[in-house]
Structure formats: structure tokens, C-alpha cells
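Examination of the molecular architecture
Residues per chain are reported as follows:
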Number of protein chains: 2
Amino acid sequence: MPQQSITLMKQFPKSRKVYVEGSRPDILVPFREIELSDTLGPKGEVIEKNAPFRVYDTSGPYTDENYQVDLTQGLPALKRNWVMERGDVEEYEGRIKNARDDGYKREDDPRVNEGVFPGLKRKPLRAKPGMNVTQMHYARKGIITPEMEFIAIREGMTPEFVRDEVAAGRAIIPSNINHPEAEPMIIGKNFHVKINANIGNSAITSNIEEEVEKMTWATRWGADNVMDLSTGKDIHKTREWIIRNSAVPIGTVPIYQALEKVNGIAEDLNWEVFRDTLIEQAEQGVDYFTIHAGVLLRYIPMTANRVTGIVSRGGSIMAQWCLAHHKENFIYENFEEICEIMKQYDISFSLGDGLRPGSIADANDEAQFAELKTLGELTEIAWKHDVQTMIEGPGHVPMNKIKENMEMQEKYCHDAPFYTLGPLTTDIAPGYDHITSAIGAAQIAWYGTAMLCYVTPKEHLGLPNREDVRAGVITYKLAAHAADLAKGHPNAQKRDDALSKARFEFRWEDQFNLGLDPELAREYHDETLPQEAAKVAHFCSMCGPKFCSMRISQDIRREAQAKNLAEAPEEVRVAIEGMKQKSEEFKEQGQQIYS
Amino acid sequence: MPQQSITLMKQFPKSRKVYVEGSRPDILVPFREIELSDTLGPKGEVIEKNAPFRVYDTSGPYTDENYQVDLTQGLPALKRNWVMERGDVEEYEGRIKNARDDGYKREDDPRVNEGVFPGLKRKPLRAKPGMNVTQMHYARKGIITPEMEFIAIREGMTPEFVRDEVAAGRAIIPSNINHPEAEPMIIGKNFHVKINANIGNSAITSNIEEEVEKMTWATRWGADNVMDLSTGKDIHKTREWIIRNSAVPIGTVPIYQALEKVNGIAEDLNWEVFRDTLIEQAEQGVDYFTIHAGVLLRYIPMTANRVTGIVSRGGSIMAQWCLAHHKENFIYENFEEICEIMKQYDISFSLGDGLRPGSIADANDEAQFAELKTLGELTEIAWKHDVQTMIEGPGHVPMNKIKENMEMQEKYCHDAPFYTLGPLTTDIAPGYDHITSAIGAAQIAWYGTAMLCYVTPKEHLGLPNREDVRAGVITYKLAAHAADLAKGHPNAQKRDDALSKARFEFRWEDQFNLGLDPELAREYHDETLPQEAAKVAHFCSMCGPKFCSMRISQDIRREAQAKNLAEAPEEVRVAIEGMKQKSEEFKEQGQQIYS
């Protein structure tokens, strides 16, 4: 059973959780509010009070000082009432869990009952017969759900805009009715770019405790979604612990668990075991499924001369199955039936790119784009059922070929949100693939990708540990933010401006705290100048006190303004007059620039 | 005196230094040759011998097992003969060194004689009266120098192309005749994108030994250039140790030392002390000078309403001087005389962007582009003297404004090489600015920037230590390489292909060794699967043995090819036939694909 690791969950320095209430008291949207210090003048006098700064907060109740963490009980069922009050769902007994769900062959295996999540007492929900409970369905009927209003407040948009984007299929709200613990969030190109963190144990290593810790750790640093990619034993149990304790949507790749149920033999997979796995995970509350429905028999030979063949696990499993049976992909063949399942729970599709390129050499090839076209056709089918859908993208792509990926995806997939892994812009830096991929991720997100799947420094080499998860999440947060800036998202630049102002004013603590990783920033600063006094020094370790360009620049401002204007050359005088006027304007607006 | 830290200089695993001889025996161009293992089939049989792979090598003689390192003697004077045999230079006594060069006030200060580099016995060289010894001058006269031939072999281009690019001003070869220890290298958009690593002590910390170590360390990881940005005491001595032991060109910002000579009071600077510093550094062998000649009096007020004012140290020093005296920048005023100095030693200009933006808010503003236009005018003056010139660029720029930087630079500066710091694409990630900036650096290099100045994780926070230098260099190497790929550099993709092939074939050691940081890659791999056996395993820790997509993909190839074709559906059969044919073609070409 997971330990309660409070160290993972503590709030950031000078930060507190605040909630903005919506149109009803149970719509309480969380933000992290960062307290800022005053701007001081050269004699230490207060020149300006800096208002606290609010940032989007993915960390869930864990960082609320009033919340009592109990991992064995899970988080509060925030959305439960919203789901129930719509009157279109029913409780039911649910599928009977069996030993095979966790990879054991016999029900009397003692390990079957070890580490089971003790907290959940609810029965699963599903749509009443003939009902459709997807957010897309409501949106298309013109309904603004509490989920949409929550998101509108979170994103700084209107609820109508949220509804319209969901109705058009340009955005999705992953929100399985059996995961009421999750705070509503949206994935779409007209909203903040989101990031996903992959966690999950494997046949080689990891355990439940570690995975729950990684999830809370990843969301503390800013992951908007978590995918549980567990393989090996205890998949069902691990997922239960994760979902019950997760304030962000959870995605999975159900074929991984299905394969475990047939002892890892791809040829032994079949529709029945896959379907059963979908139901199992639907009842647990998985918010989106990665489904490799586009790996068609006729596309497989297109990969034979690639440098790196098929690198997607799901894609290679399906390819092996197709070739072994000389049959078409059973997920593709049963896609409409899968839609019927998805809409009963409001699970979103993440249509997997099983044939994504695994090397620069294979980027944008025939196999990749053939599959993408099929994913577009499947999107239309999903939308016919009002099932929310996003599309997964590559992989390894050199910079000059990234834009084509976005353009083809928009063309084939009718503006369904794109969700990419990187792409990695070179193959030659194992150990640094969070960076090779962040370069591509920032670009493709600027071009319109809605969500980025993080890559950690361990990509291609091993399983990420806690510090790798942190590095991966922060790297992707900064890439996503760089894209928000480049796209001109109306709220994005405020944080850059607040941080840069703090930097220019030598408000060191504020600079740290406004950053994505306050703890690392402070640690780095302390390596060179550990004294507390240095945190208020008007210089830093790079130049030392005499040399500081920031300080000189401040002096220049003051001098320029203090000079007798009559002495100054014409062009300087005119500029300074303009500057003073601007300064007055700022003051009138309640802001203030340097004296 | 620096210790001989052999750990810094050791060769990479499975690598050895090789030299390619040019048209004369003293043109010996270094490469690192990486030995690769054989490709094995499913039963461990050898399917293919993989030829050793050669990569561009910046590490200098230190990684040559036949070279005996002695930091007190410095490196061999590789280029000395080439310079002498042209017959246009003369030895002379040189400027008399004084205590002030190292920041001491009295000649009898005992610290003046501490830590002086003991090795150099040569007198300085300069052009004979009326002569011009720049590579640009030779190129414009149609001469292919040994330096150009060396570079042609290193880059895989023709010597004529190298000459033409230098003659046109599109590329520079930083090569002070007093730094004969440096291996010739070129900076230009039609060559491999280069990277620069900044080192240097400050008033707060560091010492000579550390800086020499950082230089050898940075070049081991791939820095093409090093800038010594020392401030504080012992600037002259530190630089001497660095230059004498550096196989890459060294750049400086002479105003830093000039400022030390006037006790850090910008107002006390003058043309005489600056000119004297230029001569001092010219005689030592500095290959390029960053000169803030474009910070004009009338531009300074344009920065007054910026969020972060002037963030360039050199820029703020000059701005302060200009405002204090109400006079035009003395570097600008004396630019022609500086050109006269530069051409006597073949020092290149790096025209500094003293008004570069230090925050997203200030990107691409009036001040920045006003200065850039002036830098373009100065480029024309420098070229009139055949002085090699590159232009420095920002800074902090959101992705959507990066391209404009490149376009304006090309337009104003007539295709002189662009040398940028980042740019950082967001301000909100202190501690991760090697990444925020690598995103921008890769893009601007793709658009045409010739050299990237690295940013380390400590940017804005502290001075980089050894591990920060490594992280900064590797991050910028991968960004530069991503740009080479995107630009379609003819040799770039070979390394990606070799590494990806190794990855697909589970040649783990080869995958590590072909990467930019073999040691880190191996370390990361070993964290999850430490056993030696895992280095030949046909799976990795991410999926475990049953699940590996790479292995499945290989199996698919084999199965697809082994199947009785008659059984296969029409489209599969046709594809497989095509595949076999391709396979035969590959074999004929001496290559081989999977069995």
C-alpha cells in the first residue's frame, strides 16, 4: 500500500491554493497564488506593491493546506453530482474482477488480494440505455455543463467558447463519469497547450507505491494528464490506486493489459479479450484510451525498409497480430462497437499512431501518412457517435518536416486535437531526448498541437525515476508555454513579464517563485551565493557588484531622468520626455515603473 | 598553476583520434573514429560488419593517445609555419605588460608574478607595414590558404567553396596569427552550425585552474569556440593559460578588461585604455573580439521603457559612458582605427548586440533593430578593410518573432554570419534556460544562424560548474545538429542513421558511443539494467523482453519475408516482393538490411 509521502505534495514556496467560484458553489476552480514582494528603490524604500500572481494549477487538493491527504481513501468525488444530476446515468454491478486482470492465472493465488485499493465503495456508472453522456454530446445540444464552466474559469475564456470548441471537435474534455476525482481540463489548440506525463511499471521494475508517487509528483510539477502505461503484474490494482488519487485525467493503452491477459503472445489476442479490457478500464474511470485502430494490414509492408521499423509498442503488437492471422486489425474492424462503449462512459479516443517514425530517416514516410489518413476516417466515425477524439502524432521528425505533420493532421483529421510525442528533432543525443524532443514539441505546439506527451532524459535508455519525471515535466511545461507565447495566447505573457520584472528589480525570491521550478532555481543560485543577503543583493554571481548590467541599466534610467533636460541632446530630451509621460500613464493605470 | 587533469581529457569509449592528410604533410585534420560492433542475427551470427564512424572532433590533441599533455608548455603551434611562410608578418617586441593588466595597482604587488604561464617563448607577430593578413584578404585575392584546405577536409566541402564563402563575407575563420595552437574552423551558414561555450572567472569566484579545465572540458564535449569572459583579477594570466592550451579559437569582450583597468568606473573609460587592451589581447592571440560599437547615444533612451532595460554587460557599460559624457560611443567613433588593428593580426569582429532584449516583452523592439542596422553599416566598413566580421544576436525572443531576427540580420548585415545567444523562448524557467534557449537556438540556426552561444542551466542564477558546462555544450550540440539536419546539410543525417540502426539492432554500446554523450547514456541505461548482459539484450527496460516493439518489428520483417507469398493477400505480396528487390539492391550496394 502506498505510503503517504507528504514531501511530494507540499506547496511551493510563498504559494497558496485559492479557488474561484463559478455560477454555483460546487464549481470551485483551483489556482496557485504566488505572493510577491515589494519593489524597492535604491535606498530600500518601497516604490511599488506587487500584486500576488495566479497560475494554472494541476496539483490537485494535495497542495491545499486545508486538505487532509489519505491515499487509501482517494480524492473527493468532485464531479459526482454534476454527472448524477443530469439524470442520464445508472449505477450497475459492473464486470466481475478476476485474477487475470492483474496478470495471475489462478484466483487462489495469494498475490491476487495483496495491495488492493481499499477505499472505493461506489458502483460503476454508465449511460442509461440509449443515452449518450459525452461532453461533446452535451455541447452539440447547446448545453454548457459545469465541467465546461470550470474549464472556462481555468482558461480565462467564456463558457460558450468552451462549448463551441468541444461541439466542433476542436477540443476534448477527457472525463470518464467513473473518474469524478478529476478536475475538468480541456485539450484543444485554442486553449493553453497541455502536457502529458507517462508513468507505469514494467515487467522489469517499479511497484504501485512508486507509480502513485510519480503521479502526484508529476502533477505537482504541472502535468495536465497522466498516462498509466503499466505492463507486467498488478496492472489493475496499480491503475485503481492511480485513478482514485488523481486530480488529472488518466489515459491508458488497453492493448498492453490485453496482451498480458494472453501471456504476452500477440497472436493470441482477440476482440473479446480486448473488449473485456475496455469495459474493465471504463468502469475504473480511465479518461482516454489510446487505440491503434489505424495499423492496417496493407500498411505493414510499408515499414519493412525503414531504418527503425515499427517503434510503437501498440502498433507492433497489432502489426504482429495482423500478419500472423492475415486478417485486418480487429480494433479497426470493431471500431463502431468501441464507440458504443466510449459514449456510455464519456471516454475519449486518443487514436494512436502505431506507425509513427522512430528515427529521422523514417519521418513523414508513406506508412506514417497512410495511417494518419485512416485516423481521420475513424475520427469522422467517432464524431458520428459524439465521442470525443484526439489524434496521436510522432515521434522523430527533423525540424523542416514538422510543419507538414501538423498540416496533414489538420487536413485529414478535420481539426481534431493533435497530441504528439515530441517530436525528437535528432536521434544523436540519447540521455538528452527531453531536449531533442522539446525543440520539436515547442514548434509543433506553436503550429497547433494541443497536447504534448513528455519525454524524459531516460528515453530509449531506461525507466524514468522521480527526478527524470520532474525534468521531463518542467521541460514540457516550458515548451508548451513557449508555444502559448508564440501563438499569442492572451494570458501567456503575463507570467514572463512578472518574472522578468522581478529579475530586473533584483527580487530574487520572486524570480525563483514565479518560475516553473522554484526549488531548483533557488538551489542553483545558492551554489554560488548561498548567503541570505544575496537574495536581496542588487547584483548576482555572474558579474559581481561592480559590473552588473541590470544595475547599470537601472542607473541609466535614473540618470537619464534626473539629467537637466536642457543639457541633453535633442533626441535624448525628446525620448526622455516621452518616457516620463509613459511613466505617468503607467502610474495612472495603477502600475509603476522605475523612479 | 593548473593541475594536469587527465580525467578531463580522456578519449571517449571505443573511439580513437585519426588524422586525414591534406595536400601537404602538415595539413592533418583530426576526426574521432568510433568503432562499431557487428550486426548479429537471431542466433548470434554475424550478418553485417559495421564500418567505423567518423565525427567532427573539437577536442584537440588531448584525446590523441600519442600526445603527451603538458599544460605548462601549451599545445604545439600547428599553424605557425603557414603564417610564417606567407612572408607578410614580422616578430616584434610587443607591448610591455604591466600590473594593471591583471587588475593590480602596483608593479611590486607580489601577486603580479604568481601563476604566470611559464611556457611561451615566442615574440608576438603582426603584419608587416602595409600588409593585411586576414583570411578574408587572402580569399579575396583568390588564395586558398592551408587553413582553408584544413577546413574543407573537416567540413567535407571543397577548398574553393571555403575560399568563396570567406571572400563573400558569408563565413569567417577566426584565426589570430598569435594563436597558432588553434585548429582552423569556420563559422558560416553553409557549414556545420557551430557552438560557443562561455567560461571565465568573475569578481566573486573561480580561479585559473578551473577555467583551463572548463575550456578543455567544453571542447571535449564539442565546443567549437570558447569565449573567455573573465572579470576581476588575473584576467591577463588566465587568458594566457587558456589560449596557449586551446585548440579552438578564443573570443573575448575587451571592454571587460578595460573596465577593470579603470577600477570598474565606466565613466573613466576612454579610447586609449580600450585601444591598449585590444593590442594586449591581440598579441596574446585572441581570435575574435566582441565589440559593442553599435550602442549609440541616440539609441539609449529607446531602452528606458523596456521591462529589462539593457542586459548586455558590454552594452550597459557603453551606455553608461555615453550618457555620462553626452558623447558618442568611442568604439563607434574609432571603428576604422580598430579595423587597422584587426587586420594586422587577423582578429575577427563579433559585433556585439549591446541592446539585445533581455525578456520576451522587449524582443524585436526599436532599440534592438536600430542597433542591428548600425552593425550592418559597421560590417561594410570592416569589409572595406577585409576584416572578418560576424554579428551577435539575441537574447530573449518568442518563437513567432525569431524568423524576423534572422531576416533583419541578413538584410541589414549583408549575409555576414549571425552568432546568437539562444534565443530564450520564454522567461519563466530559470534553472532550465539551456532548454528554453535551445528551442530558439535550433530554430534560428535552421533559419541561417552560423554559430550559437550556449546557455547553461545556471543562466540568470549563478556561474556554471563543470557539469553545467557539459549540459550546456551537449544541449547546444544537439540544437546545432538539429539545425544541420533541417537545413539538409549533406553529411548531417549519417550520424542519426548510424545511431538509429544501432538502436534498432540492439547494439547498445554502439548506440551509446554514437551519441553526443556516451558516458551519460551508458549511466542512464545502467540505472535500470546494470548487468553487462543487458548491453546485448534484445530488449530494454521500458517494455521488458515480451513487449519490445523493436524486437516485434524485427520479427515482423522476418515473418513477412518468410511467409509463403502465395498465401499472402495481394497487396502484402506486392509489397514484400518490392521489399525483397530493395533488399537485393542494398546488398549490391554493399549495404545490408535485416535478414
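Residues numbered from 1 in each chain as written. Chains lettered and ligands numbered in written order. Predicted model: local features only at pLDDT ≥ 70, side-chain atom pairs only at ≥ 80, totals over all residues. Heavy atoms only, no water.

Once that is clear, we can look at the overall build of chain A. Looking only at helices and strands, chain A features 21 helices and 17 strands. Out of the 595 residues belonging to chain A, those deemed buried represent 67%. Sequence-distant contacts, at least 24 apart, represent 73% of the contacts inside chain A between residues at least 6 apart. Carbon together with sulfur atoms contributes 50% to the accessible area of chain A, which is approximately 19,600 Å² in total. (Helix = DSSP H or I, 4+ residues; strand = E, 2+ residues; numbered from the N terminus. Buried < 20%, exposed > 50% of the residue type's maximum accessible area, 1.4 Å probe, protein only. Contact = heavy atoms within 4.5 Å. Areas by Shrake-Rupley, 256 points an atom, 1.4 Å probe, with all protein chains shown as cover.)

Here we come to the sheet that holds strand 5 (residues 53-56) of chain A. All names here are of chain A. In spatial order, the strands read 1-2-5; together these three strands make up an open sheet with antiparallel pairing. Each edge of the open sheet carries a strand with a single partner, namely strand 1 (15-21) and strand 5. Within the sheet, the average angular offset between the axes of one strand and its neighbour, ignoring direction, is 45°. Relative to strand 5, strand 2 (residues 28-34) is paired through four bridges, and the arrangement is antiparallel. What sits directly across from Arg32, in strand 5, is Val55. Against the sheet, helix 4 (residues 146-155) engages strand 1, strand 2 and strand 5, with an angle of about 15° to strand 2. (Pairing = 2+ DSSP bridges. Axes fitted to C-alpha atoms, helices over the stretch in contact; angles between N-to-C directions.)

For the rest of this paragraph, the subject is the UniProt feature "domain: ThiC-associated" (unreviewed entry) in chain A. Look at the UniProt record and you will see "domain: ThiC-associated" (unreviewed entry) annotated at residues 11-90 of chain A. The span residues 11-90 of chain A is 8% helix and 31% strand, and its two end C-alpha atoms sit 38 Å from each other. (UniProt positions renumbered as here; feature names shortened; annotations may be inferred.)

Here the focus is the side chain of Gln409 of chain B. With respect to the helices, strands and loops of the structure, Gln409 of chain B is situated in helix 14 (residues 402-413). Once residues within four sequence positions are removed from consideration, Gln409 of chain B is found in contact with Leu372, Ile391, His414, Ala416, Pro417 and Phe418 of chain B.

Residue and element names in this part refer to chain A. The sites that UniProt annotates as "binding site: Zn(2+)" (unreviewed entry) are His396 and His460. Separation in sequence by 65 residues is not matched in space for these annotated residues, since their most distant C-alpha atoms are only 12.2 Å apart. Along the chain, His396 falls in the loop between strand 15 (389-393) and helix 14 (402-413). What makes His396 buried here is its relative accessible area of 6%.

All names here are of chain A. Neither face of strand 16 (residues 418-421) is exposed, since Phe418 and Thr420 on one face and Tyr419 and Leu421 on the opposite face are all buried. As defined by bridge partners, strand 15 adjoins strand 16 across three bridges and the pair is classed as parallel. By the bridge assignment, Glu392 is partnered in strand 16 with Tyr419. For the crossover from strand 15 across helix 14 to strand 16, the handedness is right-handed. Note that strand 16 and strand 17 (residues 451-453) share three bridges and pair parallel. By the bridge assignment, Leu421 is partnered in strand 17 with Cys453. With helix 15 (residues 433-447) bridging strand 16 and its parallel neighbour strand 17, the resulting β-α-β unit is right-handed. (Right-handed = clockwise from strand over helix to strand, strands pointing away.)

Residues and elements named next belong to chain B. For strand 1 (residues 15-21) and strand 2 (residues 28-34), the ladder comprises seven bridges, and the chain directions are antiparallel. When the sheet's bridge partners are listed, Lys17 is paired in strand 2 with Arg32. Between strand 1 and strand 2, which pair antiparallel one after the other, the connecting turn spans six residues.

Quick look at the pattern of salt bridges now. Residue and element names in this part refer to chain A. This structure, assessed with the given rule, holds 99 salt bridges over all chains. Of the charged contacts, one joins Glu336 and Lys384 as a salt bridge, the two residues approaching to 2.8 Å between their closest N and O atoms. With Glu336 in helix 12 (residues 335-345) and Lys384 in helix 13 (residues 366-384), this residue pair connects regions lying 48 residues apart in the sequence. With relative accessibility at 35%, the residue Glu336 sits in the partly exposed group. Within this structure, Arg95, Asp101, Arg239, Lys261, Asp276 and Glu280 form a network of salt bridges that share partners. (Salt bridge = Lys/Arg side-chain N within 4 Å of Asp/Glu carboxyl O.)

Once that is clear, we can look at the packing of aromatic side chains. For the structure on display, the rule yields 24 aromatic pairs over all chains. Centre to centre, the rings of Phe161 of chain B and Phe191 of chain B are 5.6 Å apart; their planes meet at 50°, and the pair counts as tilted. Remark: Phe191 of chain B occurs in the loop between strand 9 (187-188) and strand 10 (194-199) and Phe161 of chain B occurs in helix 5 (residues 159-168); sequence separation between them is 30 residues. Using a relative accessible area of 0% as the deciding quantity, one classes Phe191 of chain B as buried. Among the aromatic residues, those joined into a cluster by ring pairs are Trp271, Phe274, Trp321 and Phe330 of chain A. Here the basic side chain of Arg220 of chain A rests over the ring of Phe12 of chain A, its NZ or CZ set 4.0 Å away from the ring centre. Across the ring face of Tyr524 of chain B, the terminal group of Lys458 of chain A is positioned such that the distance to the ring centre comes to 5.0 Å. (Phe/Tyr/Trp six-rings, centres within 6.5 Å; stacked < 30°, edge-to-face > 60°. Lys NZ or Arg CZ within 6 Å of the ring centre and 35° of its normal.)

So, on to the packing of helix 12 of chain A against helix 13 of chain A. Residues and elements named next belong to chain A. Two elements in contact, helix 12 and helix 13, have axes whose closest approach is 9 Å; the angle formed by their N-to-C orientations is 45°. Relative to helix 13, the element helix 12 is oriented oblique. Here helix 12 runs over helix 13; the crossing is right-handed. On helix 13, the residues that touch Phe335, Glu336 and Cys339 of helix 12 are Leu378, Ile381, Ala382 and Lys384. The residue inventory of the contact of helix 12 with helix 13, partitioned by class, reads five nonpolar, no polar and two charged. (Parallel < 35°, antiparallel > 145°, perpendicular 65-115°, else oblique. Left-handed = near helix turned anticlockwise from the far one by under 90°. Nonpolar A, V, L, I, M, F, W, Y, C, P; charged D, E, K, R; others polar.)

Turning next to the sheet that holds strand 2 of chain B. Adjacent strands of a sheet pair through backbone hydrogen bonds, lying either parallel or antiparallel. Residues and elements named next belong to chain B. Taken together, the three strands give an open sheet; going across it, the order is 1-2-5, and neighbouring strands pair in antiparallel fashion. Edge positions in the open sheet fall to strand 1 and strand 5 (53-56), since each of these has one partner strand only. Across the sheet, the axes of successive neighbouring strands diverge by a mean angle of 45°, strand direction being ignored. Against the sheet, helix 4 (residues 146-155) makes contact with strand 1, strand 2 and strand 5, and its axis sits at roughly 15° relative to strand 2, the strand it touches most.

One turn of an α-helix holds 3.6 residues; hence residues three or four places apart share an orientation. What helix 12 (residues 335-345) of chain B keeps buried is the set Phe335, Ile338, Cys339, Ile341, Met342, Lys343 and Tyr345 of chain B. Here the buried face of helix 12 of chain B lies against strand 7 (125-127), helix 9 (271-284), strand 13 (288-291), helix 11 (330-333), strand 14 (348-351) and helix 13 (366-384) of chain B.

Residues and elements named next belong to chain A. Residues at a pLDDT of 70 or more form 87% of chain A, whose mean pLDDT is 90. Taken together, the stretch residues 582-595 has pLDDT below 50 and engages in 19 contacts with residues farther than four places along the chain or on a different chain. Interface confidence in the predicted complex, given as ipTM, is 0.92; pTM for the same model is 0.92. (pLDDT = per-residue confidence, 0-100.)

Another point: unusual backbone geometry. Residue and element names in this part refer to chain A. In this structure, Pro423 follows Gly422 across a cis peptide bond, with omega equal to 10°. Note that Pro423 resides in the loop between strand 16 and helix 15. A positive phi angle is found at His460, which is not glycine, with a value near 75°.

What follows is about the environment of Ala486 of chain A. Mapped onto the fold, Ala486 of chain A is located in helix 16 (residues 466-487). Residue Ala486 of chain A is classed as buried on the basis of its relative accessible area, which comes to 7%. For Ala486 of chain A and Ala445 of chain A, which are 41 residues apart along the polypeptide, the C-alpha to C-alpha distance reads 9.2 Å. Setting aside anything within four residues of it in sequence, one finds Ala486 of chain A in contact with Trp446 of chain A together with Met399 and Asn400 of chain B.

Residue and element names in this part refer to chain A. Helix length check: helix 6 (residues 208-221), at 14 residues, gives a terminal C-alpha distance of 20 Å against a target of 20 Å (1.5 Å per residue), a fit within 8%. Burial of helix 6 is extensive: twelve of the 14 residues sit out of reach of the surface. Of all the positions in helix 6, only Ile208, Glu211, Val212, Glu213, Lys214, Met215, Thr216, Trp217, Ala218, Thr219, Arg220 and Trp221 are classed as buried. Note on helix 6: the residue one or two positions beyond its end, Gly222, has a positive phi of about 125°. (Expected span 1.5 Å × (residues − 1).)

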